[in-house]
Amino acid sequence: MNYKTAGESHGKGLLAFVENFPAGFAIDISAIDSELRRRQGGYGRGGRQSIESDSVEILTGIWQGKTTGSPITLWIKNADSRIDSTPEIANPRPGHVDLAGAIKFNLPIRPIMERASARETASRVAAGALAKQYLASKGITIVGFVRNIGDSESDLTIEQIQNYNREIDSLDVNELLRRRNRSEFYIVRSDSELAEWESKLKKLINEISEAGDSVGGLIEARAFGTPIGLGSHTQWDQKLDGNIAKSIMSIQAIKGVEIGLGFNVTKIRGSKVHDPIEYDSSKENSANRGFIRRTNNAGGIEGGISNGQTIVVRCAMKPIPTMRKPLDSINWKTKKPQQATYERSDVCAVPAASVVVENVLATTIMNAFQMQNE
Ligand code: EPS
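The structure presented is a predicted model; accordingly, all values stated were derived computationally and were not measured.

What counts and what doesn't
Residues numbered from 1 in each chain as written. Predicted model: local features only at pLDDT ≥ 70, side-chain atom pairs only at ≥ 80, totals over all residues. Heavy atoms only, no water. Near = heavy atom within 4 Å. Polar contact = N/O pair within 3.5 Å; in protein donor to acceptor, adjacent residues only side chain to side chain. Areas by Shrake-Rupley, 256 points an atom, 1.4 Å probe, with all protein chains shown as cover. Nonpolar A, V, L, I, M, F, W, Y, C, P; charged D, E, K, R; others polar. Helix = DSSP H or I, 4+ residues; strand = E, 2+ residues; numbered from the N terminus. Buried < 20%, exposed > 50% of the residue type's maximum accessible area, 1.4 Å probe, protein only. Contact = heavy atoms within 4.5 Å. Pairing = 2+ DSSP bridges. Axes fitted to C-alpha atoms, helices over the stretch in contact; angles between N-to-C directions. Phe/Tyr/Trp six-rings, centres within 6.5 Å; stacked < 30°, edge-to-face > 60°. Lys NZ or Arg CZ within 6 Å of the ring centre and 35° of its normal. Patch = residues over 30% accessible without salt bridge, like charges linked within 9 Å, V, L, I, M, F, W, Y side chains within 5 Å. Salt bridge = Lys/Arg side-chain N within 4 Å of Asp/Glu carboxyl O. Core = buried A, V, L, I, M, F, W, Y, C linked by side-chain atoms within 4.5 Å. Parallel < 35°, antiparallel > 145°, perpendicular 65-115°, else oblique. Left-handed = near helix turned anticlockwise from the far one by under 90°.

(A) Region of interest: the site of the ligand. Inspection of the region around the ligand gives 14 residues, with His10, Arg39, Arg48, Gln49 and Arg344 positioned closest. A distance of 2.6 Å is found between an oxygen atom of the ligand and a side-chain nitrogen or oxygen belonging to His10. Between an oxygen atom of the ligand and a side-chain N or O atom of His96, the distance comes to 3.0 Å. Coverage of the ligand by the protein amounts to 94% of the 470 Å² it exposes when considered alone. Its residues assigned to classes, the shell around the ligand comprises two nonpolar, six polar and six charged.

(B) View of the side chain of Ser190. Looking at the element boundaries, Ser190 is found in the loop between α7 (173–181) and α8 (191–210). For Ser190, a relative accessible area of 14% corresponds to the buried category. Ignoring anything within four residues of it in the chain, the contact list for Ser190 reads Glu167, Arg179 and Arg182.

(C) Summary view of the sheet that holds strand β9 (residues 254–259). Sheet architecture is open: four strands sit in the order β7-β8-β14-β9, paired in antiparallel fashion. For this open sheet the edge positions go to β7 (141–149) and β9, each flanked by a neighbour on one side alone. Neighbour-to-neighbour, the strand axes of the sheet open up by a mean angle of 20°, direction not taken into account. Pairing analysis gives five bridges linking β9 to strand β14 (residues 311–317), with the strands arranged antiparallel. What sits directly across from Val257, in β14, is Cys315. Lying on the sheet, helix α9 (residues 240–249) is in contact with β9 and β14; it crosses β9 at an angle near 155°. With respect to the sheet, helix α11 (residues 350–373) is in contact with β7, β8 (217–224) and β14, its orientation differing from that of β7 by roughly 150°.

(D) Layout of the packing of aromatic side chains. Under the counting rule described, the total for this entry stands at six aromatic pairs. When the centroid spacing of 6.1 Å and the interplanar angle of 45° are considered together, the rings of Phe25 and Tyr134 count as tilted. Of this pair, Phe25 sits in the loop between β2 (13–19) and α1 (29–40) while Tyr134 is found in helix α5 (residues 121–137), placing the two residues 109 residues apart along the sequence. Considered together, Phe25 and Tyr134 belong to a single accessibility category, that of buried residues. Their ring planes at 40° and their centres at 5.4 Å tell us that Tyr43 and Phe185 sit as a pair that is tilted. Here Phe185 lies in the loop between α7 and α8 and Tyr43 lies in the loop between α1 and α2 (48–51), a separation of 142 residues in the sequence. Given the relative accessible area of 0%, Phe185 is considered buried. Here the aromatic residues Phe21, Phe25, Tyr134 and Phe369 are joined through ring pairs into a cluster of three or more. The ring of Tyr164 carries Arg189 above its face, with NZ or CZ at 3.5 Å from the centroid. Over the face of the ring belonging to Trp197 we find Arg189, whose NZ or CZ atom lies 3.8 Å from the ring centre.

(E) Structural view of a nonpolar patch on the surface. Together, Ile277, Tyr279 and Phe291 line one region of the surface with nonpolar side chains, adding up to about 350 Å² of accessible area. With respect to the secondary-structure elements, Phe291 resides in strand β11 (residues 291–293).

(F) Representation of the pairing of strand β6 (residues 72–77). Here β2 pairs with β6 via six bridges, running antiparallel. Directly across from Phe17, in β6, lies its bridge partner Thr73.

(G) Here's a closer look at the sheet that holds strand β3 (residues 56–60). Pairing within the open sheet is antiparallel, and its four strands lie in the order β1-β2-β6-β3. Looking at strand neighbours, the two that pair on one side only are β1 (2–7) and β3, the edges of this open sheet. The sheet shows a mean angle of 20° between the axes of neighbouring strands, direction not considered.

(H) Main features of the nonpolar core. In this structure, Phe21, Ile149, Ile244 and Ile248 are the most contacted members of the largest nonpolar core, which totals 69 residues. In terms of residue count, α11 provides more of this core than any other element does, twelve residues in total. Those residues within four positions of Ile149 in sequence are excluded, and the remaining contacts are Phe185, Leu201, Leu204, Ile205, Val215, Gly216, Gly217, Cys348, Val350 and Pro351. Within the second largest apolar cluster, nine residues are counted, among which are Phe145, Leu176, Val188 and Phe224.

(I) Structural view of the packing of helix α3 (residues 98–105) against helix α4 (residues 109–116). Close contact between α3 and α4 brings their axes to 9 Å; oriented N to C, the two are set at 120°. For the element pair α3 / α4, the angle class is oblique. By crossing handedness, the relation of α3 to α4 is classed as right-handed. Every residue of α4 that contacts α3 at Asp98, Gly101, Ala102 and Phe105 is listed here: Ile109, Ile112 and Met113. Looking at side-chain class alone, the contact of α3 with α4 contains five nonpolar, one polar and one charged residues.

Read these as spatial facts, not as claims about activity.
This is the structure:
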């Protein structure tokens, strides 16, 4: 399965063009719509989400509710469709595509940022929601959630953070989903801690909003039920971790991707990083042939191949560069110093981005699954 997207933030709408989706597969459109709704949610979103109520229309590739093997075209209409009358961005925003894009394409900033806008991720979520349906039929479930927003963990001890890491590792897919789905921030804190964490994060985002600033965060996604053997060590572009990193890093505002222990491997000795191998003869006939691991520091991938453990991916989202209190910039035409242009934006889009990460990971894993099995 592979896909491309098209569309602008204030154009007619967003499109995903999906190829190589297997034929004869019954598609649940309401499941795609519910992912689109989740993407629009999360505390800290801007005014646009109260204008849009994203839902998908399938234009091609489905016959009597089932896929035909032909390209599938997914269409999400924009309510706020006014691209030709949107004002020009006079002063490029540091951290946004504005400056590099306008110079590269020799165009004003507006047409550049219209395509770069994170509204494009609605297309990716729609394509990913299709992939998730396919993966579910193979026993694979992907869950994206928010690990942290801004410096909200700065008052915790290292021990508290490690305990929380262990708590997340111990959650099965159903509990992870249950916790995530009842949180306005898509966090997975326990029932007794949720209210406290949500009010802490609300306070943080409100303060940042009042200061005219923005905030990023850490997102995690886990793929449960992935078999051994997705991806290959034999060629660089078939390595599963490489393909995950590429697809996740391509999401707007993502600046870092890690798998398993990730960047922490730099601080820990090899003897504590790698996951010892044990043998359990009672599991001889299972997919792992009895070879078991008690830890999963590798995050489910070794040598570019899935090893049958849960795949654990984390990524860093930067604060959104459009800020009510803008940074210094230069007027695009007059070349005089001015503050960067401000227009409606999110203060915190980390919860929304966790929905995007989940669905993008689904497309990458589906692709690897098909390479292996079809
Ligand atoms: C977004 C819609 C956009 C932005 C946001 C993502 O809507 P508008 O520009 O009309 O307010 O809110 O995009 C950005 C934060 C950005 O920097 O481009 C959406 O639907 O996700």
